[in-house]
Amino acid sequence: MKLLNFFFILIFSVKLSAQQYSKELDQYFTALTDLKNFNGNVKIAKDNKVLLDKTYTISGEDKALLVNKNSKFIIASVSKIFVKYGILKLVEQGKLKLSDHLNQYISDFPNGGKISIENLLFHQSGLPREIKDYEKYDHLSLEKTIELAKQESLQFEPGTQTLYSNVGYFILHYLIDQLSDKGYWHFIQEEIIKKYQLKNTGEFNSSRSLSDFAYGFSAENGKIIPVSHSSINRFETGNYFSTIDDLYSFSQQLISGKNLRKDLVLTMFGKDSQLIQAGGRPGYRAYYYQDLKSGITFIFTSNFTDIPFQKVTEDIINLLNGQPYRIPQKINRKAIEVSDEVLKQYTGKFALEADLSQVFTVILENHFLYILDKDGEKTKIYPESPTSFFDNPGSEDGYQFLIGENNQYHLMIISTGVKFNTRKIQ
């Protein structure tokens, strides 16, 4: 990449007009779509004024990839917003307290006397990201999920750190089911779907047929292909579908305090006055960002996996706050030669810090490094510098080997723009 291109950063003043903001936002997502890095709906507002409300579709691909304003997308972990809301509604109803401990509701849960409901809500329980070997289950009842969760060890003392935990939200899902009068789904329907008039939102697992459903796609070896049916029918918390308009409508009604006590609404936003939730699974990406201080609401739904997620979310917030950002550009990374002596330093086994059950093995074969995941899938990686590697020359994603304590290297994996740290275990 030429030096001038590298520093091709567009900086705008916060005094830009709404029309100018709209133009720059559209330019950004148009460029992203032209690069085949986005497919879906986007809605962005600032101070209650909508700046962008548009559908973007990748051209020249499978017709089933095409979406429209009414398309319904699986929103994956963005569903956690509804779970969080449900718990706070139970607080309002006097059925639990955030200071309560887990053993008050699940008496035999290991370390339940240490884990508060608030710890679970804000990912400070110490429970791991995933249930061990969750991929092998096609379906799990809530009761079975809790039994498996009981077998997980704490990663840290509850309340001392923050670690994103799907396990914790399975437990919150279970508590809503147990403490509400007619079970989880009835409670969500009555307290959220109906009261907020979300006419195009529901639980995908319980839907026999769905009009305007956006089927998920992913990129493999340079081709955009539909994901497997098993990737869509999953048992994750809620497994909701929704539309861009329903999610935006919820965001606007939420802050009114009409359906949930205002102090509890503010609890949803935390100390930073922000409610942020990303969602992703094969074939889908979704994002919900609402900042009470800046007045920014940024939501997107997509039926395409290969979005540079972290870069997009950071760029858009920077744009709206008058900070530097970079218009998406075509990437063409070049490999260099690195000696076997240097490459050998990086071999070994590495576990994700966020989920120690996810282990990656780095090996050296025929002057190249390969990464094997826990299922044995083998990926060849190419050096861009002595410490930075990639497997796809057209993507900013890749692998970095960083020197740590005792002069030992650890591996950072960058996937859809999100950085995952590992620790060397062997």
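Residues numbered from 1 in each chain as written. Predicted model: local features only at pLDDT ≥ 70, side-chain atom pairs only at ≥ 80, totals over all residues. Heavy atoms only, no water.

### Overview of the pattern of salt bridges
This model, assessed by the stated rule, comprises 20 salt bridges. In this structure, the salt-bridge partner of Lys 43 is Asp 245, at a minimum N-O distance of 3.0 Å. One end of the pair, Lys 43, is in strand 1 (residues 40-46); the other, Asp 245, is in helix 9 (residues 244-254), and 202 residues separate them in sequence. The class for Lys 43 is buried, based on a relative accessible area of 9%. For Asp 245, a relative accessible area of 28% puts it in the partly exposed group. Measuring nitrogen to oxygen at the nearest pair gives 2.8 Å for the salt bridge that ties Lys 150 to Asp 108. With Lys 150 in the loop between helix 5 (142-149) and helix 6 (166-179) and Asp 108 in the loop between helix 3 (80-92) and helix 4 (117-121), this residue pair connects regions lying 42 residues apart in the sequence. Beyond isolated ion pairs, a larger network of salt bridges with shared partners links Lys 43, Asp 53, Lys 69 and Asp 245. (Salt bridge = Lys/Arg side-chain N within 4 Å of Asp/Glu carboxyl O. Helix = DSSP H or I, 4+ residues; strand = E, 2+ residues; numbered from the N terminus. Buried < 20%, exposed > 50% of the residue type's maximum accessible area, 1.4 Å probe, protein only.)

### Focus on the packing of helix 2 (residues 18-34) against helix 11 (residues 309-320)
Two elements in contact, helix 2 and helix 11, have axes separated by 11 Å at closest approach and are oriented at 165°. Looking at the two axes, helix 2 sits roughly antiparallel to helix 11. As for the relative orientation of helix 2 and helix 11, their crossing is right-handed in sense. Of the residues in helix 11, those in contact with Tyr 21, Glu 24, Leu 25, Tyr 28, Phe 29 and Leu 32 of helix 2 are Lys 311, Val 312, Asp 315, Ile 316, Leu 319 and Leu 320. Here the contact of helix 2 with helix 11 is built from residues that sort into 9 nonpolar, no polar and 3 charged. (Axes fitted to C-alpha atoms, helices over the stretch in contact; angles between N-to-C directions. Parallel < 35°, antiparallel > 145°, perpendicular 65-115°, else oblique. Left-handed = near helix turned anticlockwise from the far one by under 90°. Contact = heavy atoms within 4.5 Å. Nonpolar A, V, L, I, M, F, W, Y, C, P; charged D, E, K, R; others polar.)

### Quick notes on the confidence of the model for the chain
Scored by pLDDT, the chain comes out at a mean of 89, with 93% of its residues at no less than 70. Segment residues 1-14 is flagged for pLDDT under 50; beyond a separation of four residues in sequence, or across chains, it makes 20 contacts in the model. (pLDDT = per-residue confidence, 0-100.)

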